[in-house]
Amino acid sequence: MMQNKVKPNGTATLTIGGKTAQLPVFSGTHGPDVIDVATLYKQTGTFTLDPGFTSTASCESQITFIDGDAGILLHRGYPIEQLAEKSSFLEVCYLLLYGELPTEAQLSTFTHNITRHTMLHGQFDRFFEGYRRDAHPMAIMVGTVGALSAFYHDSLDINDPRQREISSHRLIAKMPTIAGRAFKYSVGQPFVTPRNEFDYATNFLRMCFAVPAEDYVTNPVLARAMDVFFMLHADHEQNASTSTVRLAGSSGANPFACIASGIACLWGPSHGGANEAALKMLQEIGTVDNIPDFVSRVKQKDSNVRLMGFGHRVYKNYDPRAKVMQKLCHQVLAEVGQTDDPMLKVAIELEKIALNDPYFVDRKLYPNVDFYSGITLRAMGFPTSMFTVLFALARTVGWIAQWEEMIEDPTQRIGRPRQIYTGAAQRDYVPMPARR
Ligand code: ACO
């Protein structure tokens, strides 16, 4: 059971309409203090309003911390740069799920569990065939992941910790197989069965790029790049898709349905779809000579042109994941012999110009993880339609860890936001002949 760890740090007083509320203030390990407004309605009869949750903490969490001003991202206290350099995706999965880095024996058991659960039920493959030939792979992901609930009745009791753990392992293990099939289906190639002798990233690349007509050997540099990409996207505290998973889970919905809801939310261009938009932008700019014209259009008020892959709601500094992704991009392009890729040249020059231009400096707009990920994934052989699928695959562990934490939280209740109603005042039903 999760032990709540917030520490009392005084009281905030709020006076409204002649009523005064005493509201507890709490401190976490890092980050701003929070005012607990849970009793505000009881004390004053008023609600708080915060569209987009810019000032509202929705939960207590011990998994991930972001300091957006300093450009810091920690998983269970460990900086993302250290994990990306020294760890592996499955080790990070263990860390996110269980709170500590695994011992050798723990990692070996965990890896065995994940590796041995990658296969899908034989009947499951029929789902893919029901989709139109040109289905977007994310449409396939949303539907098929939810459908896992129909196959694993033995792990749907969310009140049983062991069943929850089995579901978590199944999701992490089967997501690459589903994503690989979504890809293969969209390009009209036969499905590739997972193989237990390969590591997580190697297996996934094989399921995407192997064909029956020839042997496939995974390039270890690309497999490591895939693994690092998964680590960089594994969790990001209470973002839109994670909050969606928590909200869906708060009603007691099963984990497969909850993760499907997270995938649906991630699909949007303001969230998981931004790397695709950044790549399209670089393609449209085309060559370095076109950058000044593009930048001046971005700076024009009302132009509605944004520098995609720049800026972030939380990071007002360099996104720490972007630095790792930039390095990874150079490594991958060197490995596949595309160092003279015109898009890379445009990206490097654009970044240089933007980081020195007062428009971007004053607004604290820095590259985010999406700025270089599109070029990297494209060089690895993925079409843009797969970019968000890869993000969903990697984020599944974060969603699951946050879902598990929510269920274990003794203060957990069904999520039910309030509203300020500004519609019609109460009125009587108007019979049809009397309507105008
Ligand atoms: N290019 C140009 N100007 C920008 C950009 C950008 N990418 N981002 C913000 N601005 C400007 C805005 O025009 C605004 O200027 P103003 O004060 O003169 O009106 C100011 O910076 C603040 O912008 P907001 O939209 O209020 O910032 P917000 O925090 O709401 O937006 C967001 C964050 C959505 C990420 C935004 O920076 C953006 O659209 N970026 C491009 C899309 C992108 O890369 N998204 C990926 C995010 S990372 C992820 O999801 C994994």
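Residues numbered from 1 in each chain as written. Predicted model: local features only at pLDDT ≥ 70, side-chain atom pairs only at ≥ 80, totals over all residues. Heavy atoms only, no water.

A. The packing of helix 7 (residues 161-187) against helix 11 (residues 255-266), seen in detail. Between helix 7 and helix 11, the shortest axis-to-axis distance is 10 Å and the interhelical angle comes to 45 degrees. Comparing the axis directions of helix 7 and helix 11 gives the class oblique. Remark: the crossing between helix 7 and helix 11 carries right-handed chirality. Residue-level inspection shows Ser-167, Leu-171 and Met-175 of helix 7 in contact with helix 11, the latter providing Pro-255, Phe-256, Ile-259 and Ile-263. (Axes fitted to C-alpha atoms, helices over the stretch in contact; angles between N-to-C directions. Helix = DSSP H or I, 4+ residues; strand = E, 2+ residues; numbered from the N terminus. Parallel < 35°, antiparallel > 145°, perpendicular 65-115°, else oblique. Left-handed = near helix turned anticlockwise from the far one by under 90°. Contact = heavy atoms within 4.5 Å.)

B. Quick peek at the pairing of strand 1 (residues 7-16). Counting buried positions along strand 1 yields one of 10 residues, so the element is predominantly exposed. Note: strand 1 against strand 2 (residues 19-27), eight bridges, orientation antiparallel. Bridge pairing in strand 2 places Thr-11 opposite Pro-24. The turn joining strand 1 and strand 2, which pair antiparallel and follow one another in sequence, is formed by two residues; a positive phi near 55 degrees is taken by Gly-17. (Buried < 20%, exposed > 50% of the residue type's maximum accessible area, 1.4 Å probe, protein only. Pairing = 2+ DSSP bridges.)

C. Region of the structure containing the sheet that holds strand 3 (residues 34-35). Pairing within the open sheet is antiparallel, and its three strands lie in the order 1-2-3. Every other strand in the sheet has two partners, leaving strand 1 and strand 3 as the edge strands with one partner each.

D. Representation of the pattern of salt bridges. For the structure shown, the criterion picks out 14 salt bridges. For Glu-408, the salt bridge is made with Arg-164, and the minimal N-O distance between the two is 3.7 Å. Highlighted residues: Glu-408 in helix 18 (residues 387-408) and Arg-164 in helix 7, separated in sequence by 244 residues. The residue Lys-352 makes a salt bridge to Glu-349 at a minimum N-O spacing of 3.5 Å. (Salt bridge = Lys/Arg side-chain N within 4 Å of Asp/Glu carboxyl O.)

E. Structural view of the sheet that holds strand 5 (residues 72-75). Here we have three strands laid out as an open sheet, ordered 4-5-6, and antiparallel in their pairing. Two strands in the sheet have a free side with no partner beyond their single neighbour: strand 4 (64-67) and strand 6 (78-79). In terms of strand pairing, strand 5 meets strand 6 through two bridges, oriented antiparallel. The partner of His-75 across the bridge, within strand 6, is Tyr-78.

F. Seen up close, helix 10 (residues 240-250). If you check which residues of helix 10 are buried, you get Ser-241, Thr-242, Val-245, Arg-246, Gly-249 and Ser-250. Considering only its buried residues, helix 10 is in contact with helix 11 and helix 18. Positive backbone phi, approximately 95 degrees, marks Gly-252, located one or two places after helix 10.

G. The arrangement of the nonpolar core in detail. Grouped together as the largest cluster of nonpolar side chains are 106 residues, with contacts concentrated most on Met-141, Phe-204, Met-226, Leu-350 and Phe-382. The greatest single-element share of this core, amounting to 14 residues, is contributed by helix 18. Discounting chain neighbours no more than four positions away, the residues touching Met-226 are Ala-201, Phe-204, Leu-205, Leu-377, Met-380, Phe-382 and Leu-390. (Core = buried A, V, L, I, M, F, W, Y, C linked by side-chain atoms within 4.5 Å.)

H. Highlighting the environment of Glu-100. Its place among the elements puts Glu-100 in the loop between helix 3 (89-98) and helix 4 (104-115). Residues Glu-100 and His-30, 70 residues apart in the sequence, show an inter-C-alpha distance of 18 Å. Those residues within four positions of Glu-100 in sequence are excluded, and the remaining contacts are Tyr-78, Tyr-94 and Leu-95.

I. Up close: the side chain of Lys-174. The residue Lys-174 is located in helix 7 in this model. Despite its burial, Lys-174 pairs with no opposite charge, the nearest such side chain being Asp-154 at 9.7 Å. For Lys-174, the side chain forms a polar contact with the main-chain oxygen of His-117, separated by 2.8 Å. The residues contacting Lys-174, other than those within four sequence positions of it, are His-117, Thr-118, Met-119, Leu-120, Leu-148 and Tyr-152. (Lys, Arg positive; Asp, Glu negative; His and termini not counted. Polar contact = N/O pair within 3.5 Å; in protein donor to acceptor, adjacent residues only side chain to side chain.)

J. Quick look at the site of the ligand. Neighbouring the ligand are 20 residues, the closest being Arg-306, Leu-307, Gly-309, Phe-310 and Arg-363. The contact in question runs from a nitrogen atom of the ligand to an N or O atom on the backbone of Leu-307, over 2.8 Å. The contact in question runs from an oxygen atom of the ligand to an N or O atom on the side chain of Asn-368, over 3.0 Å. Surface burial for the ligand is 71%, taken as the share of its 930 Å² of free accessible area covered by protein chains. (Near = heavy atom within 4 Å. Areas by Shrake-Rupley, 256 points an atom, 1.4 Å probe, with all protein chains shown as cover.)

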